[in-house]
Amino acid sequence: MKSGYERADRSGVSPEHKAAGVSGPRLLSSYRFVDYATQAYVAVVGLLILVFHNRTVPHWGALVGAHAAVLVCLHLLVGTRSRTEGRPQPILRFLCDFYPVLLYAGFYAETGSLNRMFIQEYLDPMAIRCDQALFGFQPSLRFMEKLPLLAVSELFYASYFSYYIMIAGVGVALYRKSRGAFFHYISVVSFVFYICYLCYIVLPIIGPPVFFGHIAGYHLPVAYQALEAYAYYPKAVQSGPFYHLMGFIYRFFEAPGAALPSSHVAVALCTVFFSFLYLRPLRYPHLIVALLLCAATVYCRYHYVIDVLSGALTALLLVPLGTRLYRKVDGLQR
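Residues numbered from 1 in each chain as written. Predicted model: local features only at pLDDT ≥ 70, side-chain atom pairs only at ≥ 80, totals over all residues. Heavy atoms only, no water.

1. Some thoughts on the pattern of salt bridges
The final tally for this structure, using the stated rule, is three salt bridges. A salt bridge links R93 to D97; the shortest N-O distance between them is 3.1 Å. Taken together, the residues R93 and D97, both in helix α6 (residues 90-114) and four residues apart, mark about one turn of the helix. In this structure, R93 and D97 share a single accessibility class: buried. (Salt bridge = Lys/Arg side-chain N within 4 Å of Asp/Glu carboxyl O. Helix = DSSP H or I, 4+ residues; strand = E, 2+ residues; numbered from the N terminus. Buried < 20%, exposed > 50% of the residue type's maximum accessible area, 1.4 Å probe, protein only.)

2. Notes on the nonpolar core
Among the nonpolar cores identified, the biggest contains 56 residues, and Y104, L174, V192, F193, Y194, Y197 and F274 are the most heavily contacted of them. Elements supplying a minimum of two residues to this core: α4 (33-52), α5 (60-83), α6, α9 (150-177), α10 (179-202), α13 (263-278), α14 (283-299) and α15 (305-330). If you tally residues by element for this core, the top one is α10, at 15 residues. Filtering out sequence-adjacent residues up to four positions away, V192 remains in contact with A266, V267, C270, L318 and V319. Core analysis: the next-biggest nonpolar cluster, separate from the first, contains 32 residues, A127, I206, Y243 and Y299 among them. (Core = buried A, V, L, I, M, F, W, Y, C linked by side-chain atoms within 4.5 Å. Contact = heavy atoms within 4.5 Å.)

3. Things to note about unusual backbone geometry
With an omega dihedral of -5 degrees, the bond running from L260 to P261 counts as a cis peptide bond. Secondary-structure assignment places P261 in the loop between α12 (241-253) and α13. Phi is positive for R301, close to 70 degrees, though the residue is something other than glycine. Its location among the elements puts R301 in the loop between α14 and α15.

4. With respect to the packing of α5 against α6
A pair of packed helices can be characterised by two numbers: the angle between their axes and the separation between those axes. Running from amino to carboxyl end, α5 crosses α6 at an angle of 165 degrees, the nearest separation of the two axes being 10 Å. Classified by the angle between their axes, α5 and α6 sit roughly antiparallel to one another. For α5 against α6, the interelement crossing comes out left-handed. Only L92, R93, C96, D97, Y99, L103, E110 and L114 of α6 make contact with α5, whose side of the interface consists of L63, H67, L74, L77, V78, T80 and R81. Each residue belonging to the contact of α5 with α6 can be placed in one class, and the counts come to nine nonpolar, two polar and four charged. (Axes fitted to C-alpha atoms, helices over the stretch in contact; angles between N-to-C directions. Parallel < 35°, antiparallel > 145°, perpendicular 65-115°, else oblique. Left-handed = near helix turned anticlockwise from the far one by under 90°. Nonpolar A, V, L, I, M, F, W, Y, C, P; charged D, E, K, R; others polar.)

5. Side note on a nonpolar patch on the surface
Together, L47, L50, V51, F52, W60, F118 and V202 line one region of the surface with nonpolar side chains, adding up to about 610 Å² of accessible area. For the nonpolar patch, the element with the highest residue contribution is α4, accounting for four residues. Structurally, the position occupied by F52 is in helix α4. For F52, a relative accessible area of 39% translates into the label partly exposed. (Patch = residues over 30% accessible without salt bridge, like charges linked within 9 Å, V, L, I, M, F, W, Y side chains within 5 Å. Areas by Shrake-Rupley, 256 points an atom, 1.4 Å probe, with all protein chains shown as cover.)

6. Quick notes on α13
With 16 residues, α13 extends 22 Å between its outermost C-alpha atoms, agreeing within 8% with the 22 Å of an ideal straight helix rising 1.5 Å per residue. The buried fraction of α13 amounts to 13 of the 16 residues, a majority that puts the element mostly inside the structure. (Expected span 1.5 Å × (residues − 1).)

7. Brief notes about empty space enclosed by the protein
Tallied over the full model, the rule gives one cavity of 30 Å³ or more. Looking at the largest cavity, its volume works out to about 50 Å³. Taken together, Y108, Y160, Y200, I206, Y250, E254, A258, A259, S263, H264, Y302 and H303 make up the lining of the largest cavity. (1 Å grid on protein atoms, 1.4 Å probe; cavity = no way out; pocket = protein on both sides within 12 Å on 5 of 7 lines; lining within 4 Å. Points joined across faces, edges and corners; volume = space filled by probe spheres on them.)

Any link to function would need more than the numbers given here.
Here is the structure:
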């Protein structure tokens, strides 16, 4: 028997809503959970900047103003989505429905400017100690050192890159299949992202790039500087195209201090949940790639193991919670 989500038609209106006499335009004219969550995130972060900004936050006044402007724009966008229901404007409708995905990168990059409002020293020594206590060495350095093979590294870098394809690909597939399933997906994925971003603002942990001295103005404590001897990339690894592709992405889009919990792990596992729920023919290949991605976060030296574990725990806790909030706010019941 199909769930209420699966029975929802392409307009996003389930049979239960139609039976209750709720029309598509009327349903879409009201706020959805994803709209509340996105605007709440923008408002909360703007308020945090206003109240807690310090010398580490450049141009804090402009940031507060930008958050206020984004709130207004999002409100207008939700209204546009309502007004275009049933009209032949597929591109505009797609943008109005898919808009949170377009904001993720900007919100993520912003955390790099805000992550020392509360704790001004990066907490990497704590994460390094955790991994050392668990394994007796640093997996984020030794994993690649033990497997310096082009085929292995490219498999992991390609798996890591698949993160971007997972987010957009599952979203587009569900958008084409069922608007009800899509809004469930975009709501929960956005919820997971926003909680991760808030964690980055209050818990500044850079990740294994600290071993390479890539973060301007930050140096490892003397007790950990010996680990820098392992901070090199084997020549075989450096010859791979996916290695260079991820290097380009991180050179221009990475935010320092966005490591714990790993949003790559949390969101990738979240997308797998929706494959099992709505895209069942793809679920097992998707799961395999997501597990490779989890390992790649350590092999490719982007995350400590503690980041990966916390990312998995984040997905375990937030996906059910996000689903419950989605059902409650959007009024969909199984």
